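Report on the structure
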Amino acid sequence: MTLIKFIEIVAILVGAFSGFIEARRKRMDLVGVFTVAFIAAFGGGTLRDILLDRRPLFWVTHQEYAIAIFVLALIASPLIRTLRHIVSERLIVIADAVGLGLFSIAGVSAALDANMPLFIASMMGVITGIFGGVLRDIVCNEVPMVFRDGKPYAICAFLGNWMFLLMGLYTSVSHDFALWSSALFISVLRLITWKFDIQMGR
Amino acid sequence: MTLIKFIEIVAILVGAFSGFIEARRKRMDLVGVFTVAFIAAFGGGTLRDILLDRRPLFWVTHQEYAIAIFVLALIASPLIRTLRHIVSERLIVIADAVGLGLFSIAGVSAALDANMPLFIASMMGVITGIFGGVLRDIVCNEVPMVFRDGKPYAICAFLGNWMFLLMGLYTSVSHDFALWSSALFISVLRLITWKFDIQMGR
Amino acid sequence: MTLIKFIEIVAILVGAFSGFIEARRKRMDLVGVFTVAFIAAFGGGTLRDILLDRRPLFWVTHQEYAIAIFVLALIASPLIRTLRHIVSERLIVIADAVGLGLFSIAGVSAALDANMPLFIASMMGVITGIFGGVLRDIVCNEVPMVFRDGKPYAICAFLGNWMFLLMGLYTSVSHDFALWSSALFISVLRLITWKFDIQMGR
């Protein structure tokens, strides 16, 4: 298994678990737990692909992820309890930050492939990174957390997306280097802002 | 009028009425009543078609349904009162169960036409069957009922969808037989779980 | 700058400001303020284009609007305070009514270009005119205002859309005359219903 595949799996699972937790908090049944987890994991990329008119969707060509989330949803309650004992909050934040970096830059890349202008491409990257959580919160009848907690989550993605775009425009580094360094930049920036509990002004 | 057309009309009307009732409960005006009924009736199939990138949408080629819902929305309040006197809850549940069966299998069928893999096709069938109600509840600012009431509504659709898929893979029965028997299976299963008030564990 | 460009800009800004105000009321941060304003400004046209399968989306080919809303979101709080002093409610209602007329008719026109039947085209016009606000309210976890305030906002758009459709069918006036007179009709009707505080019955 390649490194990028491993990161992808971990990032999808972290998204799905955020859905498990939110759905259980809302006392949802199996159907709700699965659907909310699915939306949390794939909602951002799906919205981006609908806006860009890209098909097939990621989870259509990788139905193994949908099946995995379905199986995990069946054991969501004991799973959440078990994971709370063996996985620290720190580890979840790290995995989520890695996923944010990877998915945001993948979103920008997809938007550039579809000939989007620069600012729109940077937005598509942020949408990919955060709208899974936004749609999860809407389905759970909450004001989306990422819109109100004042933490620079989307901002980290936005800055890294521009780093990626500007490296492509103004430097001669390879596409791969630009992609990985920008994704890493987002992840590290997110972890720094988390570590020092940095808040945006309102 | 063919049988399938009759079932289709009844199922769409049942969806629309669920929207009328929910919208009136939220004290919505004519615009809200029409929109919520329209979303309840067509939201599931529309979301499926957007995900599959199928056009034209069902209600675009059948604008008579949109017009019918519009006319009914104009008289929604007296209509609801009248129907409550002459139509029993039992009849509504039966009509809804028939619609669930028909639309779920139609959704699976559409997904197979679009070359979806099996698990995704079974999901598309469930989406077709339940997301009208999900979107109705989101617009009405409620946690979707089908995600939290613990009743195996979506599960019935899911099981019937797999019956349809497996009959196509492993038996030599005709497509029509597979389609109708699976739709009937969903409807009957739904009615049994309703009759005996069967709940999923959480 | 042409007149239509000027109206377009004003109408988009009015939509965005409705998002700024709603997002601030919900105590959202910069990310929420920008996203809600963006959805309020472009949500209706985007939903219409997804339903019609039209690409590229308006805001993709006009990224300057997205950039403008982003810049304004950075100064949303002082901006709202300042505008409340120098812009009367009357002026906002007028600008909004002009936008409603323009966008509704533009929506009908786009639907006719995509060969939609008449009733669906009239609905697409209303969707273009009102769903920015609907999606804004859903993201802000509110029952959409336009569905419950009993004011004939969508009705004005609906009637004007039919004026446009019928002029095209049954008169020999030019397309431009039909378009502008119908948009003007919507705006004036909206202002009359506002001035006399006309309510729909429920």
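The text that follows walks through the structure, step by step, so that each part is easy to find. (Residues numbered from 1 in each chain as written. Chains lettered and ligands numbered in written order. Predicted model: local features only at pLDDT ≥ 70, side-chain atom pairs only at ≥ 80, totals over all residues. Heavy atoms only, no water.)

Moving on to the overall build of chain A. What chain A contains, in helices and strands, is nine helices and zero strands. The linear arrangement of helices and strands in chain A, starting from the amino end, is α-α-α-α-α-α-α-α-α. For 202 residues, the compact-globule estimate of 2.2 N^0.38 gives 17 Å, and chain A sits close to it at 17 Å. Counting only C-alpha atoms and orienting by the principal axes, one finds that chain A spans roughly 50 × 40 × 35 Å. Out of the 202 residues belonging to chain A, those deemed buried represent 54%. Counting 17 positive and 14 negative side-chain charges, chain A places the centres of these two groups 8 Å from one another. (Helix = DSSP H or I, 4+ residues; strand = E, 2+ residues; numbered from the N terminus. Rg over C-alpha atoms; globule rule 2.2 N^0.38 Å. Buried < 20%, exposed > 50% of the residue type's maximum accessible area, 1.4 Å probe, protein only. Lys, Arg positive; Asp, Glu negative; His and termini not counted. Charge placed at Lys NZ, Arg CZ, Asp CG, Glu CD.)

Turning to unusual backbone geometry, a few remarks are in order. When glycine is set aside, most residues are seen to have a negative phi, and most peptide bonds are trans. Here the amide bond leading from Arg55 of chain A into Pro56 of chain A is cis, since omega sits at -5°, within 30 degrees of zero. Here Pro56 of chain A lies in the loop between helix H2 (30–52) and helix H3 (58–61). The backbone of Asp53 of chain C shows a phi angle near 60°, a positive value even though the residue is not glycine. Here Asp53 of chain C lies in the loop between helix H2 (30–52) and helix H3 (58–61).

A few words on the packing of helix H1 (residues 3–25) of chain B against helix H5 (residues 76–86) of chain B. All names here are of chain B. Packing of H1 against H5 brings their axes to within 10 Å, and their N-to-C directions diverge by 110°. What the angle tells us is that H1 and H5 run roughly perpendicular. Crossing hand, H1 versus H5: left-handed. Facing Phe17, Phe20, Ile21 and Arg24 of H1, the residues of H5 in contact are Ala76, Ser77, Leu79, Ile80, Leu83 and Arg84. Along the lines of polarity and charge, the residues of the contact of H1 with H5 split into seven nonpolar, one polar and two charged. (Axes fitted to C-alpha atoms, helices over the stretch in contact; angles between N-to-C directions. Parallel < 35°, antiparallel > 145°, perpendicular 65-115°, else oblique. Left-handed = near helix turned anticlockwise from the far one by under 90°. Contact = heavy atoms within 4.5 Å. Nonpolar A, V, L, I, M, F, W, Y, C, P; charged D, E, K, R; others polar.)

This part covers a nonpolar patch on the surface. Judged by side-chain polarity, Leu112, Leu118, Leu166, Leu169 and Tyr170 of chain A come together as a nonpolar surface patch covering roughly 470 Å² of accessible area. Ranked by the residues each element gives to the nonpolar patch, the list is headed by helix H8 (residues 153–170) of chain A, at three residues. (Patch = residues over 30% accessible without salt bridge, like charges linked within 9 Å, V, L, I, M, F, W, Y side chains within 5 Å. Areas by Shrake-Rupley, 256 points an atom, 1.4 Å probe, with all protein chains shown as cover. Salt bridge = Lys/Arg side-chain N within 4 Å of Asp/Glu carboxyl O.)

Relative to the elements of secondary structure, Thr35 of chain B occurs in helix H2 (residues 30–52). Ignoring any residue separated from it by four or fewer positions in sequence, one finds Thr35 of chain B in contact with Phe131 and Phe147 of chain C.

Counting residues at the interface gives 29 residues for chain A, matched by 26 residues for chain C. Both faces considered, chain A and chain C share a buried interface measuring about 2,200 Å² in area, 72% of it formed by carbon and sulfur atoms. In this assembly, chain A and chain C are joined by one salt bridge. The partner of Arg55 of chain C in a salt bridge is Asp53 of chain A, and the shortest N-O contact between them spans 4.0 Å. For the interface between chain A and chain C, the tally reads six residue pairs in polar contact (both at pLDDT 80 or more). Elements represented by at least two residues in the side of chain A that touches chain C include exactly H2, helix H7 (118–139) and H8 of chain A. (Buried area = accessible area lost by both parts, 1.4 Å probe. Polar contact = N/O pair within 3.5 Å; in protein donor to acceptor, adjacent residues only side chain to side chain.)

Superposing chain B onto chain A takes a rotation of 120° combined with a translation of 0.0 Å along the rotation axis, leaving an RMSD of 0.0 Å. Taken together, the rotation and translation relating the two chain copies correspond to the operation of a three-fold axis. Taking C-alpha positions as reference, the residue of chain B nearest the rotation axis is Asn141 of chain B, located at 3.8 Å. When the interface residues of chain B are mapped onto chain A, a mere 14% of them again lie at the interface, so each copy presents a different face. (Least-squares fit on C-alpha atoms with pLDDT ≥ 70 in both.)

Before going further, it helps to examine the packing of helix H8 (residues 153–170) of chain C against helix H9 (residues 175–195) of chain C. Residue and element names in this part refer to chain C. Contact pair H8 / H9: the axes reach a minimum separation of 9 Å and the direction vectors enclose 160°. Relative to H9, H8 is oriented roughly antiparallel. Every pair of crossing elements has a handedness; the one defined by H8 and H9 is right-handed. Between H8 and H9, the residues in contact are Tyr153, Cys156, Ala157, Leu159, Gly160, Asn161, Met163, Phe164 and Met167 and His175, Phe177, Ala178, Leu179, Ser181, Ser182, Phe185, Ile186, Leu189, Arg190 and Thr193, respectively. By residue class, the composition of the contact of H8 with H9 is 13 nonpolar, six polar and one charged.

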